[in-house]
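# An overview of the molecular structure
Okay, here's what each chain looks like letter by letter:
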Amino acid sequence: MHRNTAGGPIAVGVADVVKTYGRGETAVRALDHVSLDLPARRFTAIMGPSGSGKSTLLHCLAGLNTVDSGQVRIGQSFLNGLTDAELTKVRRDRIGFVFQSFNLLPTLSAEDNILLGLRLAGRAPDHSWLDTVINALGLRDRLRHRPGELSGGQQQRVAIARALAGRPEVVFADEPTGSLDSRSGAEVLGFLRMSVRELGQTVVMVTHDPVAAAHADHGVLLADGRVARHLPCPTADTVLAALAGLGA
Ligand SMILES: Nc1ncnc2c1ncn2[C@@H]1O[C@H](COP(=O)(O)OP(=O)(O)OP(=O)(O)O)[C@@H](O)[C@H]1O
Ligand SMILES: [Mg+2]
């Protein structure tokens, strides 16, 4: 198995990735030769100023966006050159995604939202895993409620349960606490960290919040579409200082 310098297996990685939006004079180079390997069973926070390429990197890692050049891999699979059907299968079977705005279906119960991806994929749910996830997220007595009957924090916990339902290799989260008050946000971050420490998941989260980043095992700072710094064991203070060092 491919390993990173710390000796652990790699969950996802990019090698020399370039991503440009638009053409000609208005072209924006969102990722400028980014190389990065992220370890499995760890919680990684991707940070950086607005427009530094965080969401673009996350979408490229998750196979939601294509790259101009360079390699993207999930575990041992390279995404370059996959057909659309193969890419869809990778996204469906091996990846979970948590959005800032939850993206739950309003007419379905929490339980049906959690199970939707598995049902669409025709996969049988692993009931004991689902029980573990639902209990860990404290959603047991909320399963019959629709999203509109849940608080923001509860809706985001449903979205996390949905992302974890298929026991994916990697869970990606783009500003998962961006729409939450600080208390619900702290709860959601605690659950993401717990899913790594106790359930053995791999989480890659984009955040601009140093306090959120402090929940992660490892921080990666982007600036102008490049990796500017790595921050092992980030704290709110070291993140703030590093961001200040970028002039952010
Ligand atoms: N669909 C798009 N079309 C054109 N330019 C885009 C598109 N998406 C992103 N960009 C540009 O690419 C750059 C990186 O954007 P990206 O969304 O990855 O930044 P970000 O770090 O996630 O920022 P934020 O913290 O504001 O969410 C920015 O300059 C942005 O304007
Ligand atoms: Mg973004």
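Rules behind the numbers
Residues numbered from 1 in each chain as written. Chains lettered and ligands numbered in written order. Predicted model: local features only at pLDDT ≥ 70, side-chain atom pairs only at ≥ 80, totals over all residues. Helix = DSSP H or I, 4+ residues; strand = E, 2+ residues; numbered from the N terminus. Rg over C-alpha atoms; globule rule 2.2 N^0.38 Å. Buried ≥ 20, exposed ≤ 12 C-beta atoms within 10 Å, placed from the backbone. Contact = placed C-beta atoms within 7 Å. Pairing = 2+ DSSP bridges. Axes fitted to C-alpha atoms, helices over the stretch in contact; angles between N-to-C directions. UniProt positions renumbered as here; feature names shortened; annotations may be inferred. Parallel < 35°, antiparallel > 145°, perpendicular 65-115°, else oblique. Left-handed = near helix turned anticlockwise from the far one by under 90°. Nonpolar A, V, L, I, M, F, W, Y, C, P; charged D, E, K, R; others polar. Near = placed C-beta within 6 Å.

What follows covers the overall build of the protein. Helices and strands together make up the secondary structure of the protein, namely eight helices and 10 strands. Its C-alpha atoms give the protein a radius of gyration of 18 Å, near enough to 18 Å, the size a compact globule of 248 residues would have. Overall, the C-alpha framework of the protein stretches about 50 × 45 × 40 Å when taken along its three principal axes. Sorting the 248 residues of the protein into buried and exposed places 40% on the buried side. Looking at the protein alone, contacts between residues at least 24 apart form 69% of all its contacts between residues at least 6 apart.

Pairing in this open sheet of four strands is antiparallel, and the strands run E2-E1-E4-E5 from one edge to the other. Edge positions in the sheet fall to strand E2 (28–39) and strand E5 (77–78), since each has one partner strand and no second. Where strand E1 (residues 10–21) and E2 come together, nine bridges link them in antiparallel fashion. Within E2, the residue paired with Val12 across the bridge is Leu38. Against the sheet, helix H1 (residues 54–61) contacts E1, E2 and strand E4 (69–74), and its axis sits at roughly 120 degrees relative to E1.

Take the UniProt feature "domain: ABC transporter" (unreviewed entry) in the protein next. Sequence positions flagged by UniProt for "domain: ABC transporter" (unreviewed entry) are, in local numbering, residues 12–243. In the segment residues 12–243, helix accounts for 35% and strand for 26%; the C-alpha atoms at its two ends are 24 Å apart.

This part covers the packing of helix H3 (residues 110–121) against helix H5 (residues 152–164). Two elements in contact, H3 and H5, have axes whose closest approach is 7 Å; the angle formed by their N-to-C orientations is 30 degrees. If you check the angle between H3 and H5, you find them roughly parallel. In this structure, the crossing between H3 and H5 has a hand that is right-handed. Listed contacts from H5 to Ala110, Asn113, Ile114, Leu116 and Gly117 of H3 are Val158, Ala161 and Arg162. Of the residues belonging to the contact of H3 with H5, the class tally is five nonpolar, two polar and one charged.

A word on the sheet that holds strand E7 (residues 170–174). On the basis of which strands lie adjacent, the open sheet formed by six strands has the order E6-E7-E8-E3-E9-E10 and mixed pairing. Edge positions in the sheet fall to strand E6 (95–98) and strand E10 (226–232), since each has one partner strand and no second. Each adjacent strand pair in this sheet contributes to an overall mean axis angle of 20 degrees, direction not counted. Judged from the four bridges that link them, strand E3 (residues 43–47) and strand E9 (residues 218–223) form a sheet pairing that is parallel. Paired with Ala45 across the two strands is Gly219, which belongs to E9. Here H1 sits on the sheet and contacts E3, E7, strand E8 (203–206) and E9; the angle it forms with E8, its principal contact strand, is near 150 degrees. Across the sheet, helix H6 (residues 182–197) lies against E3, E7 and E8, angled at about 155 degrees from E8, the strand it touches most.

In this section: the site of ligand 1. Around ligand 1 sit 13 residues in total, of which Tyr21, Ser50, Lys54, Ser55 and Thr56 are the nearest. At the level of secondary structure, the elements contributing two or more residues to the shell around ligand 1 comprise E2 and H1. Considering every element that reaches the shell around ligand 1, the biggest residue donor is H1, with three residues. Along the lines of polarity and charge, the residues of the shell around ligand 1 split into three nonpolar, nine polar and one charged.

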